[in-house]
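# A structural walkthrough
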Amino acid sequence: LDLKVGVAFSRFQTRYFQGKYSDLDSRIVSYGPCQTPTLGFCVERHVMIQSFTPEPYWLLTPTVRIQGYGPIRFEWERGRLFNKKVAGAFQQILLDSGSLRVEQVTKKEVKKGR
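What comes next concerns the included structure.

## Regarding the packing of aromatic side chains
- Per the counting criterion, the structure on display carries 2 aromatic pairs.
- A centroid spacing of 5.9 Å and a plane angle of 20° characterise the contact between phenylalanine 12 and tyrosine 16, whose relative ring orientation is stacked. Of this pair, phenylalanine 12 and tyrosine 16 both sit in helix α1 (residues 2-17), 4 residues apart, which is roughly one turn of that helix.
- The partly exposed category is assigned to phenylalanine 12, whose relative accessible area is 48%.
- For tyrosine 16, a relative accessible area of 42% corresponds to the partly exposed category.

## Comments concerning the layout of surface pockets
- Here the second largest pocket is characterised by a volume of approximately 300 Å³.
- For the second largest pocket, the lining is made up of 17 residues, of which Leu60, Pro62, Gln91, Leu94 and Leu95 are closest to its centre.
- The set of elements that each furnish at least two residues to the lining of the second largest pocket consists of β1 (58-59), β2 (63-64) and α3 (84-97).
- Sorting elements by how many residues they give to the lining of the second largest pocket places α3 first, with 6 residues.

## Side note on the environment of valine 7
- Along the polypeptide, valine 7 turns up in helix α1.
- Along the chain, valine 7 and serine 30 lie 23 residues apart, while their C-alpha atoms are 8.1 Å from each other.

How each quantity is defined
Throughout, a residue's number is its position along its own chain's written sequence, starting from 1. The predicted nature of this model means local features are confined to residues of pLDDT at least 70 and side-chain atom pairs, given and counted, to a pLDDT of 80 or more, with totals for whole chains, interfaces and linings taken over all residues. Each side-chain value is worked out from all heavy atoms of the structure, with water and hydrogens disregarded. Working definition: a ring pair exists when centres of Phe, Tyr or Trp rings (six-membered ring for Trp) sit within 6.5 Å. Plane angles under 30 degrees give stacked, over 60 give edge-to-face, the rest tilted. Only DSSP runs of H or I covering at least 4 residues are called helices, and only runs of E covering at least 2 are called strands; the numbering of each starts at the N terminus. Per-residue accessibility, obtained with a 1.4 Å probe over protein chains only, is compared with the maximum for each type, and a residue is labelled buried under 20%, exposed over 50%, and partly exposed between these values. A pocket, in this scheme, is an open set of points on a 1 Å grid over the protein atoms alone with protein on both sides within 12 Å along at least 5 of 7 lines, while a cavity is a set where a 1.4 Å probe fits but cannot get out; residues line either one if an atom lies within 4 Å of a point. Grid points are joined across faces, edges and corners, and a volume is the space filled by probe spheres set on the points.

Structure, rendered in structure tokens:
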């Protein structure tokens, strides 16, 4: 239905506006009921991107070196820390402990969508 309405109304608008306004590029005036909400989503996303203000953040990624193996890099599931004092506290805990203990290992298969 969207295609039929869009094609018919696009043809009508194009013929109606051709030559009426000199500053309007009226080679084709497109219309479709789904275009307005889609354009709204695009504009909303553009406004979000334009109003973005970057914040400093810290990552907790300790690396463990075991003899006979390459370095093993760990990543915190939570990801980024936005509080420098908290990041420093975690860093100090890791530095002071001297040894670590693995409490749980979870294996996930990750598939990337196309």
